[in-house]
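Residue strings, one per chain:
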Amino acid sequence: MRDRVLIAGAGAVGSVVGGLLAAAGSAVTLLGRRAHVDAVRARGLALDGLFGVHRVTGFECATAATELDEVRPLLAGDGVLICMQNGLGTLERAIGALGRARVLGARVIFGAELPTPGRATVTVCADPVLIGALEPEVQVRAVAWARVLSDAGIPAESTTGIVADLWAKVFYNAALNPLGALLDLPYGALAEDADARAVMDLAIDEAFAVARTAGIALRWPNAEAYRGEFYGRLVPATARHRSSMLQDLARGRPTEIDAINGYVAARGNALGVATPTNTTLTRLIRARARLSSSWKH
């Protein structure tokens, strides 16, 4: 398991994971944007922030985009693909390409930034990374990988309810990411503003209703109970963090809106659950991305 690791998407979070795994002894290949991986190739990867200060070298680096079907032949006979992206839908696509026995899901709720190419900074951490399998017989792999991450300095635990955990992360992201991007505010400031908080409450209510209708086994009895944890623990732990969606918009990159609020809206439409707030937030982010691009040209 420690032999070879491909980080297919070595942005901020991917670089932290890959960097710490490499520092712990894994042979890591980083697949990312040219400026970043060129800097890593030339000078190594600098890591700092909440998970400690490291300078890691010896990576293999690549910049060619790789689709899921192209990842499959790269996996070792007992290898697995761990999906660490925000949002919902990615796990299903990975399973479609590789099968349920070769895919693990991960809920990541630490934040990182790339201040400059070749450097990644861990800015916030609200909870351990959770890793889980969709097939009971594969859960032993989730347990093992959680231990590998933990041993490398990344707080991590295994979970037997990864789908519910990913939905819970969507509640968090659906409330914070688009508003943080549209208003250019850190998460703590959003929670302190009455109007922003009211919009976040509605986004959570709708997402919770969609999840319940979809039969997701959530650990909160209702949306109000989740919001108690959201405002009482999760937002304070990430109060200074700025939405990665804001960074994507600023750099002209695709956002994750369709896997977060857009997914909630689409699933709600399919299930007959009204999602006007999530639909509106999705449309606003899409419009912001299009208009920003057109005005730059």
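Heads up: the structure comes first, above all this text.
Definitions and limits used
Residues numbered from 1 in each chain as written. Predicted model: local features only at pLDDT ≥ 70, side-chain atom pairs only at ≥ 80, totals over all residues. Heavy atoms only, no water. Pairing = 2+ DSSP bridges. Helix = DSSP H or I, 4+ residues; strand = E, 2+ residues; numbered from the N terminus. Axes fitted to C-alpha atoms, helices over the stretch in contact; angles between N-to-C directions. Phe/Tyr/Trp six-rings, centres within 6.5 Å; stacked < 30°, edge-to-face > 60°. Buried < 20%, exposed > 50% of the residue type's maximum accessible area, 1.4 Å probe, protein only. Core = buried A, V, L, I, M, F, W, Y, C linked by side-chain atoms within 4.5 Å. Arc of directions from axis to C-beta. Contact = heavy atoms within 4.5 Å. Salt bridge = Lys/Arg side-chain N within 4 Å of Asp/Glu carboxyl O.

Colleague: What am I meant to see in the sheet that holds strand β1 (residues 4–8) here?
Modeller: Note on sheets: strands pair through backbone hydrogen bonds, and any given pair is parallel or antiparallel. Within the open sheet, the three strands sit side by side as β1-β2-β5. Their pairing is parallel. Across the chains shown, the open sheet's two edge strands, defined by having one partner strand only, are β1 and β5 (60–62). Here the strands of the sheet are splayed against their neighbours by 15° on average, with no regard to which way each runs. Summarising the sheet, β1 and strand β2 (residues 27–31) pair through five bridges and their orientation is parallel.

Colleague: Help me understand the packing of aromatic side chains, please; the structure alone is not making it clear to me.
Modeller: Two measures describe an aromatic ring pair: the distance that separates the ring centres and the angle between the ring planes. Scanning all chains against the criterion turns up ten aromatic pairs. With a centroid separation of 6.0 Å and an interplanar angle of 70°, the aromatic rings of W167 and Y263 are classed as edge-to-face. Remark: Y263 occurs in helix α11 (residues 261–271) and W167 occurs in helix α6 (residues 162–183); sequence separation between them is 96 residues. Both residues of the pair, W167 and Y263, count as buried. Taking the centre distance of 6.1 Å and the plane angle of 80° together, the rings of Y172 and F230 count as edge-to-face. Taken as a pair, Y172 in helix α6 and F230 in helix α9 (residues 223–237) lie far apart in primary sequence, 58 residues in all. Through a chain of ring-to-ring contacts, three or more aromatic side chains come together here, namely W167, F171, Y172, Y187, F208, W220, Y226, F230, Y231 and Y263.

Colleague: Please clarify how the nonpolar core should be interpreted in this entry.
Modeller: It is characteristic of soluble globular proteins that their nonpolar side chains tend to be buried jointly. Formed by 47 residues in total, the largest nonpolar core has its most connected members in W167, M200, Y226 and F230. The set of elements that each furnish at least two residues to this core consists of β6 (81–83), α4 (90–98), α6, α7 (187–192), α8 (194–213), α9 and α11. The greatest single-element share of this core, amounting to eleven residues, is contributed by α6. One finds I7, A12, C61 and L104 within the second-largest nonpolar core, a separate group that totals 39 residues.

Colleague: How do you make sense of α4 when you look at a structure like this?
Modeller: What sets the pattern is the α-helix's 3.6 residues per turn: residues three or four places apart point alike. Along α4, the residues classified as buried are T90, L91, A94, I95, A97 and L98. Within α4, the buried residues cover an arc of 165° as seen down the axis, which keeps them to one side. Those residues of α4 that are exposed and aimed more than 90 degrees away from the buried face are R93 and G96. Immediately beyond the C-terminal end of α4, within one or two residues, lies G99, with a positive phi of roughly 95°.

Colleague: Teacher, can you tell me more about the side chain of D248 here?
Modeller: Within the secondary structure layout, D248 lies in helix α10 (residues 244–250). Contact partners of D248, with chain neighbours within four places excluded, come to R253, P254 and T255.

Colleague: What exactly am I supposed to notice about the pattern of salt bridges here?
Modeller: Side chains carrying opposite charge are able to pair once their charged atoms draw close together. Inspection of the entire model under this criterion finds eleven salt bridges. The residue D38 makes a salt bridge to R41 at a minimum N-O spacing of 2.8 Å. Of this pair, D38 and R41 both sit in helix α2 (residues 34–43), separated by three residues, roughly a single helical turn. Owing to a relative accessible area of 31%, D38 belongs among the partly exposed residues under this scheme. The exposure class of R41 is partly exposed, given its relative accessible area of 48%. For D258, the salt bridge is made with R286, and the minimal N-O distance between the two is 2.6 Å. Placement of the pair is D258 in the loop between α10 and α11 and R286 in helix α12 (residues 276–296), with a sequence separation of 28 residues. Residue classification places D258 among the partly exposed residues on the basis of a relative accessible area of 45%. A network of salt bridges, in which partner residues are shared, links R107, D127, R219, E229 and R233.

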